[in-house]
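Residue strings, one per chain:
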Amino acid sequence: MSTAFLSVERLSQRYPDGAGGQTTIFENASFGIEKGEFVVILGHSGCGKSTIMNILAGLAEATEGVVIMDGKEVSGPSLDRGVVFQNYSLLPWLSALKNVTFAVAARYPDWSKDQVLTHSKKHLEMVGLSADVFNRKPSQLSGGMRQRVSIARAFSISPKLLLLDEPFGALDALTRGTIQDELLKVWAGTNQTVFMITHDIDEAILLADRILLMTNGPFARVAESVEITIPRPRNRIEIVEHPNYYAIRNHLVQFLGKHSKELAGPTDAAENRPATVRIDKTAPAVRAPSRLAV
Amino acid sequence: MTDMSVNKRAAILSFILLFAGLLLWEAVIPGQKAAGELTEYERLTGGGAQKAGVPPPSQVLEKAWEQLSDPFYDAGPNDKGIGIQIGYSIYRVLAGYFLAALIAIPLGFLIGMSPVAYKALNPFIQVLRPISPLAWMPLALFIIQDSETSAIFVIFICSIWPMLINTAFGVAGVRKDWVNVARTHELGALRTAFMVILPAAAPTIVTGMRISIGIAWLVIVAAEMLVGGTGIGYYVWNEWNNLDLTSVIFSILMIGVVGMALDAMFGVLQRFVVYSE
Ligand SMILES: Nc1ncnc2c1ncn2[C@@H]1O[C@H](COP(=O)(O)OP(=O)(O)OP(=O)(O)O)[C@@H](O)[C@H]1O
Ligand SMILES: [Mg+2]
């Protein structure tokens, strides 16, 4: 067992393929996440990202393998693991505010009504929502506002691990940008551990401490763990000027465009741990990207 | 005209249609002759009675005014005010209906939550549902031995199915993501049921309740014609036996008005629970 805050150990997921056999989505996947780390996972559609996330959330069970968080095995959902789904995270019959207060009240059952209300409003304001939208139903909010409410709710219960499944997938590029900024701002003030799925390479570089790259399914695996060697605080406009930005970006594009396919398929390894990749042009001795043995 | 709201224009059109309809009705009914004016021949062939039977709207309105100005008089078993008769019918409908809701909604919840319960109960529901509620009447009268309770039972049996089926359907169709929201917030079974599943399924459930109350009101008239005694259904039948067609038409209109009011109540409830995604 590794000593990471969250450790995923030899996780496999198989589903019946409808013809009497089985499809293996991923096999023997192992990786860890440190406390306070922001980890983003990138991979082609259908490789099993959401499946991994649902297992981390405790909403689904893996066919084999375990997830250990803070020394305890994950079994079933818990307030310790907050989730923001791509859509439908909010209950449509509750106002924005009520969507947060019910979570806060569930998290802190001994708080008074006033405490719950103040705490909830504080978090809604933190993501840039003003008081006049608090009482609107989700259907009366724009897509961006809705995801802000979801993020406010997730942070308001301070879970040990925050899971985000393509939280901005349905938003236009401009809205995406501003909400990414809000997310970074809110996250910077906490020591929140985040595990996020996205399809957007630039979003991943902006937000992540580390990016996990998955090969294509079936038999997908987490092949690489790319460190984002760009100091924080980061900013969408300035980040592109950092010498490491394009190097890292190129590496990711290459992986998703080429290696994810080449590396696909089953391996004989008993455990598929990602190779650590560190690209740093600012380091004194310039090294080529080093891919450790898989 | 063009800057008038759609509602206003529709209301004006409604009034025109009503007025034209009444006028037409009044016009096609030949003027009534008093019994004394009938010829011997007309009296023998019964022609006079038939003509006298279909009243013009003016008479119905007169009747309505007379009845509605004193709806609750009670002059013996065969002569009660329209208000009392409708009161009896509404009481029976609501009694049977709420008993049905009391069983259908919790049971529907269970069926919706559990695929096993759904599969196990489905054959029974499918067989029992298409039975005309009035077909139960003889059996109910025989077993219960009381016409009042039998009428309530018939209402119960006819209103249970739409509520049961809609509740089960609504509960089974609750979006998985909303249930997952409840699960990730550790809401527990009872709180999940009341905070997530019930509000999510409420529009479907209320639709079922609305269908049920409509059916119950349709059935009570027929049931009361069978069991007799009191109620609007009995009243219609009784006035028909008295050949008082003015009262028959008036009570038909009242059945429509009360049915509309019952439906409107559920319309309000529906607006209250509806949500858009
Ligand atoms: N219940 C299930 N039964 C069978 N196959 C399933 C089931 N759930 C998911 N899968 C399969 O598992 C694979 C991974 O699905 P998953 O939703 O995790 O993909 P993803 O990486 O999140 O994709 P995307 O980026 O499009 O969201 C898919 O090929 C999918 O068809
Ligand atoms: Mg997905």
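Treat the numbers as computed from the prediction; the structure is a model and nothing was measured. (Residues numbered from 1 in each chain as written. Chains lettered and ligands numbered in written order. Predicted model: local features only at pLDDT ≥ 70, side-chain atom pairs only at ≥ 80, totals over all residues. Heavy atoms only, no water.)

(A) Looking closely at the overall build of chain B. Scanning chain B from terminus to terminus reveals twelve helices and zero strands. The helix and strand sequence of chain B, counted from the amino end, reads α-α-α-α-α-α-α-α-α-α-α-α. Its C-alpha radius of gyration of 24 Å places chain B more than 25% over the 19 Å reference for a compact globule of 277 residues. For chain B, the C-alpha atoms occupy an extent of roughly 85 × 65 × 30 Å along the three principal directions. For chain B, the proportion of its 277 residues judged to be buried stands at 40%. A separation of at least 24 residues holds for 71% of the contacts in chain B among residues at least 6 apart in sequence. If you sum the accessible surface of chain B, you get close to 15,700 Å²; carbon and sulfur atoms cover 71% of it. Averaging the positions of the 16 positive and the 19 negative side-chain charges in chain B gives two centres separated by 15 Å. (Helix = DSSP H or I, 4+ residues; strand = E, 2+ residues; numbered from the N terminus. Rg over C-alpha atoms; globule rule 2.2 N^0.38 Å. Buried < 20%, exposed > 50% of the residue type's maximum accessible area, 1.4 Å probe, protein only. Contact = heavy atoms within 4.5 Å. Areas by Shrake-Rupley, 256 points an atom, 1.4 Å probe, with all protein chains shown as cover. Lys, Arg positive; Asp, Glu negative; His and termini not counted. Charge placed at Lys NZ, Arg CZ, Asp CG, Glu CD.)

(B) Broad picture of the confidence of the model for chain B. Across chain B, the average pLDDT comes to 88, with 91% of residues at 70 or higher. In the model of chain B, helix H3 (residues 47–53) of chain B stands out as the element of lowest mean pLDDT, 50, in contrast to helix H5 (residues 82–113) of chain B, which has the highest, 95. (pLDDT = per-residue confidence, 0-100.)

(C) Structural view of the side chain of B:Arg92. Residues and elements named next belong to chain B. Here Arg-92 shows up in helix H5. Note on Arg-92: relative accessible area 2%, which makes it buried. At 3.0 Å, the side chain of Arg-92 and the side chain of Glu-148 are in polar contact. Leave out the neighbours within four places in its chain, and Arg-92 touches Glu-148, Ala-151, Ile-152, Ile-155, Ile-220, Glu-224, Thr-230 and Gly-231. (Polar contact = N/O pair within 3.5 Å; in protein donor to acceptor, adjacent residues only side chain to side chain.)

(D) Structural detail: the environment of A:Phe85. On the secondary structure map, A:Phe85 appears in the loop between strand S6 (81–84) and helix H2 (96–107). With relative accessibility at 8%, the residue A:Phe85 sits in the buried group. Once the C-alpha coordinates of A:Phe85 and A:Leu59 are considered, the two residues, 26 residues apart in sequence, prove to be 12 Å apart. Not counting the four nearest positions on each side in its chain, A:Phe85 is found in contact with A:Leu59, A:Gln147, A:Asp165, B:Asp177, B:Asn180 and B:Val181.

(E) Region of the structure containing the pairing of strand S2 (residues 22–33) of chain A. All names here are of chain A. The buried fraction of S2 is high, at ten of twelve residues. Both strand S1 (residues 6–16) and S2 contribute to a ladder of eight bridges, which runs antiparallel. When the sheet's bridge partners are listed, Leu-11 is paired in S2 with Ala-29. Linking S1 to S2, which pair antiparallel, is a turn of five residues; within it Gly-18 sits at a positive phi near 90°. (Pairing = 2+ DSSP bridges.)

(F) Spotlight on the packing of H5(B) against helix H11 (residues 232–241) of chain B. Residue and element names in this part refer to chain B. The contact between H5 and H11 brings their axes to 7 Å, and the two run at 130°. Here H5 is positioned oblique relative to H11, judged by the angle of their axes. Contact with H5, carried on its side by Ile-82, Gln-85, Ile-86 and Ser-89, involves Ile-232, Gly-233 and Tyr-235 of H11 and no other residues of that element. In terms of residue class, the contact of H5 with H11 is built from four nonpolar, three polar and no charged. (Axes fitted to C-alpha atoms, helices over the stretch in contact; angles between N-to-C directions. Parallel < 35°, antiparallel > 145°, perpendicular 65-115°, else oblique. Nonpolar A, V, L, I, M, F, W, Y, C, P; charged D, E, K, R; others polar.)

(G) Expanded view of the pairing of S1(A). Residues and elements named next belong to chain A. Counting buried positions along S1 yields eight of eleven residues, so the element is predominantly enclosed. Note: S1 against strand S4 (residues 64–69), five bridges, orientation antiparallel. Note on S4: the bridge partner recorded for Glu-9 is Val-66.

(H) Local environment of the packing of helix H1 (residues 6–28) of chain B against helix H4 (residues 57–69) of chain B. Residues and elements named next belong to chain B. The N-to-C vectors of H1 and H4 enclose an angle of 110°; their axes lie 8 Å apart at closest approach. Compared by their axis directions, H1 and H4 come out roughly perpendicular. Contacts from Leu-22, Trp-25 and Glu-26 in H1 reach Pro-57, Ser-58 and Val-60 in H4. Residue composition of the contact of H1 with H4, by class: four nonpolar, one polar and one charged.

(I) Structural view of the sheet that holds strand S7 (residues 161–165) of chain A. Residue and element names in this part refer to chain A. Strand order in the open sheet made by the seven strands is S6-S7-S8-S3-S9-S10-S11, with mixed pairing throughout. Edge positions in the open sheet fall to S6 and strand S11 (275–278), since each of these has one partner strand only. On average, adjacent strands in this sheet sit at an angle of 20° to one another, irrespective of strand direction. Taken together, the five bridges between S7 and strand S8 (residues 193–197) define a ladder with parallel strand orientation. Of the residues in S8, the one forming a bridge with Asp-165 is Ile-197.

(J) A look at the interface of chain B and chain A. With 18 residues of chain B at the interface, the matching set in chain A holds 21 residues. Taking both partners together, chain B and chain A bury about 1,900 Å²; carbon and sulfur atoms supply 68% of that area. Between chain B and chain A we count five residue pairs in polar contact (both at pLDDT 80 or more) in total. Of all the elements in the fold, those that place two or more residues in the side of chain B that touches chain A are helix H9 (176–184) and helix H10 (188–227) of chain B. A total of six residues in the side of chain B that touches chain A trace back to one element, the largest contributor, which is H9(B). Here the side of chain B that touches chain A is composed, by residue class, of eight nonpolar, four polar and six charged. (Buried area = accessible area lost by both parts, 1.4 Å probe.)

(K) Spatial organisation of H10(B). Residue and element names in this part refer to chain B. An ideal rise of 1.5 Å per residue puts 58 Å on 40 residues; H10 reaches only 49 Å between its terminal C-alpha atoms. Maximal helix bending in H10 amounts to about 55°, located at Ala-202; proline Pro-203 follows within four positions. Gly-228 lies just past H10 and shows a positive phi near 70°. (Expected span 1.5 Å × (residues − 1). Bend = angle between axes of the 7 residues up to and from the residue.)

(L) View of the site of ligand 1. Residue and element names in this part refer to chain A. Contacts to ligand 1 come from Tyr-15, Ile-25, Ser-45, Gly-46, Cys-47, Gly-48, Lys-49, Ser-50, Thr-51, Glu-166 and His-199. The contact in question runs from an oxygen atom of ligand 1 to an N or O atom on the backbone of Cys-47, over 3.3 Å. In terms of residue count, the dominant contributor to the shell around ligand 1 is helix H1 (residues 49–57) (three residues). For the shell around ligand 1, a count of residues per class yields three nonpolar, six polar and two charged. (Near = heavy atom within 4 Å.)

(M) Quick peek at the side chain of A:Arg210. All names here are of chain A. As for its position among the elements, Arg-210 is in strand S9 (residues 210–214). Taking relative accessible area as the criterion, Arg-210 reaches 13% and is therefore assigned buried. Apart from residues lying up to four places away in sequence, Arg-210 is in contact with Gly-32, Ile-33, Glu-37, Phe-38, Val-39, Val-40, Ser-225, Val-226, Glu-227 and Ile-228.

(N) Quick look at the pattern of salt bridges. Tallying each qualifying case throughout the model produces 21 salt bridges over all chains. Between B:Asp244 and B:Lys63 there is a salt bridge whose closest N-O contact spans 3.6 Å. Here B:Lys63 lies in helix H4 and B:Asp244 lies in the loop between H11 and helix H12 (245–273), a separation of 181 residues in the sequence. Under the relative-accessibility criterion, B:Lys63 is labelled buried at 14%. A salt bridge links B:Glu277 to B:Arg175; its shortest N-O distance comes to 2.9 Å. With a gap of 102 residues between them, B:Glu277 in the segment after H12 and B:Arg175 in the loop between helix H8 (147–172) and H9 connect regions that are remote in the sequence. With relative accessibility at 52%, the residue B:Glu277 sits in the exposed group. For B:Arg175, a relative accessible area of 26% corresponds to the partly exposed category. A cluster of three or more residues bridged by salt bridges with shared partners is formed by A:Asp70, A:Asp80, A:Arg107 and A:Lys160. (Salt bridge = Lys/Arg side-chain N within 4 Å of Asp/Glu carboxyl O.)

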